[in-house]
Amino acid sequence: MPESNIDDVRSRFGATAEMVAQHSEQQIETVREQLRSFVAPTGEERALDSGTGAGTLALALAPFVREVVGVDIVPELLERARRAAPANAMFVEGDATSLPFETGSFDLACSRRTFHHIARPELAVAELVRVTAPGGHIFVDDQIAPVDPLAALDLDRFERARDPSHTRTLPDIDFRHLFEANGLVLQRAQFQTHRRELGCQGEARKRAQELSPGGPETYVAESAWYLLVKPVL
C-alpha cells in the first residue's frame, strides 16, 4: 500500500465533483436526522468534518453546533460545499492525515465514508484524536469489510474497479483496534446494510459489474457508525 494516494483522490473526485455534489445535497437531510439521534450534539460544539467532500456531514451538522469546519484535499468539492454553507460553516483545504489545526481545537471531530480512501487510515484516526479536546467526542461513519478475509479481498477488488481512489475497506475489528490504540472509549456503535449504485462508467463500469457482490447495477454495502469519547486524563 502506498504512503499516500492523494493524487488518485484528487483526480477521481475533481473530475466528478459536480455529480458528487449533487448526490451530497440529496443526502443532507437524511444525515442530519441520523446525527441528531446518534451523536446528539448540545449546540455548543466547535465541530470538524475531516474528509468532508462536498460537505454532506458538515452541512447536516451545522444547525446543531456553534461552528463546523470541513476539511478536504479536493478543491473542486470544497468550492461546491461553500456554495451551500451557512454562516457557521467554513471549508478549508487540508489532508486528513495531517490536519491544519492545533491540538485540542474541537469538541466534536467527525469523519464520514473517508477512511477507505486513505492509504494510512491509522494516521487519520490519530489526527482526529489529536485535534479533539479531552472530554470531546469523535464520530466515524464508514463502510466495513466482511469478517472473512477472502470476501474482504473480493470486496476491495470490486471497489478499486469502480473507484481507483479506494485503498482498503477496514473490518469492524480493525476500527476498534485503531480506536483502542488511540485511547478512545466507545460510547455506542450501530451497523447498517444498504444498497448503492455502482457509480462509474465505461470500462470501469464493465469491470465493476463483473465483480459486483450485488448485481450488475447495484451492490450491497455494510457500514458502521461509531461514537467515541476522548477521555480526560
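Residues numbered from 1 in each chain as written. Predicted model: local features only at pLDDT ≥ 70, side-chain atom pairs only at ≥ 80, totals over all residues. Heavy atoms only, no water.

A. Summary view of the overall build of the chain. Scanning the chain for helices and strands turns up 8 helices and 7 strands. For the chain, with 233 residues in total, the buried portion stands at 52%. Within the chain, contacts between residues separated by at least 24 positions form 70% of all contacts whose residues are at least 6 apart in sequence. (Helix = DSSP H or I, 4+ residues; strand = E, 2+ residues; numbered from the N terminus. Buried < 20%, exposed > 50% of the residue type's maximum accessible area, 1.4 Å probe, protein only. Contact = heavy atoms within 4.5 Å.)

B. Quick look at empty space enclosed by the protein. In total, this model carries 1 cavity of 30 Å³ or more according to the counting rule given. If one sorts the elements of the lining of the largest cavity by residue count, helix 2 (residues 17–38) sits on top with 4 residues. Tallied by class, the residues present in the lining of the largest cavity amount to 7 nonpolar, 1 polar and 2 charged. (1 Å grid on protein atoms, 1.4 Å probe; cavity = no way out; pocket = protein on both sides within 12 Å on 5 of 7 lines; lining within 4 Å. Points joined across faces, edges and corners; volume = space filled by probe spheres on them. Nonpolar A, V, L, I, M, F, W, Y, C, P; charged D, E, K, R; others polar.)

C. Main features of the environment of R83. Here R83 lies in helix 4 (residues 75–83). Between the alpha carbons of R83 and A54 there is a distance of 9.8 Å; along the sequence they are 29 residues apart. In this structure the side chain of R83 is engaged in a polar contact, spanning 3.4 Å, whose partner is the side chain of E79. (Polar contact = N/O pair within 3.5 Å; in protein donor to acceptor, adjacent residues only side chain to side chain.)

D. Seen up close, the side chain of D49. Along the polypeptide, D49 turns up in strand 1 (residues 46–50). Polar side-chain contacts of D49 include one of 2.7 Å to the side chain of T52. The contact partners of D49, leaving out residues within four places of it in the chain, are L57, A58, V69, G70, V71, C110, S111 and R112.

E. Examining the layout of surface pockets more closely. Taken as a whole, the second largest pocket holds about 210 Å³ of empty space. Forming the boundary of the second largest pocket are 13 residues, of which A145, P146, V147, A152 and P171 lie nearest the centre. At the level of secondary structure, the elements contributing two or more residues to the lining of the second largest pocket comprise helix 6 (149–162) and helix 7 (172–181). No other element matches helix 6, which puts 4 residues into the lining of the second largest pocket. Of the residues contributing to the lining of the second largest pocket, the split by class is 9 nonpolar, 1 polar and 3 charged.

Read these as spatial facts, not as claims about activity.
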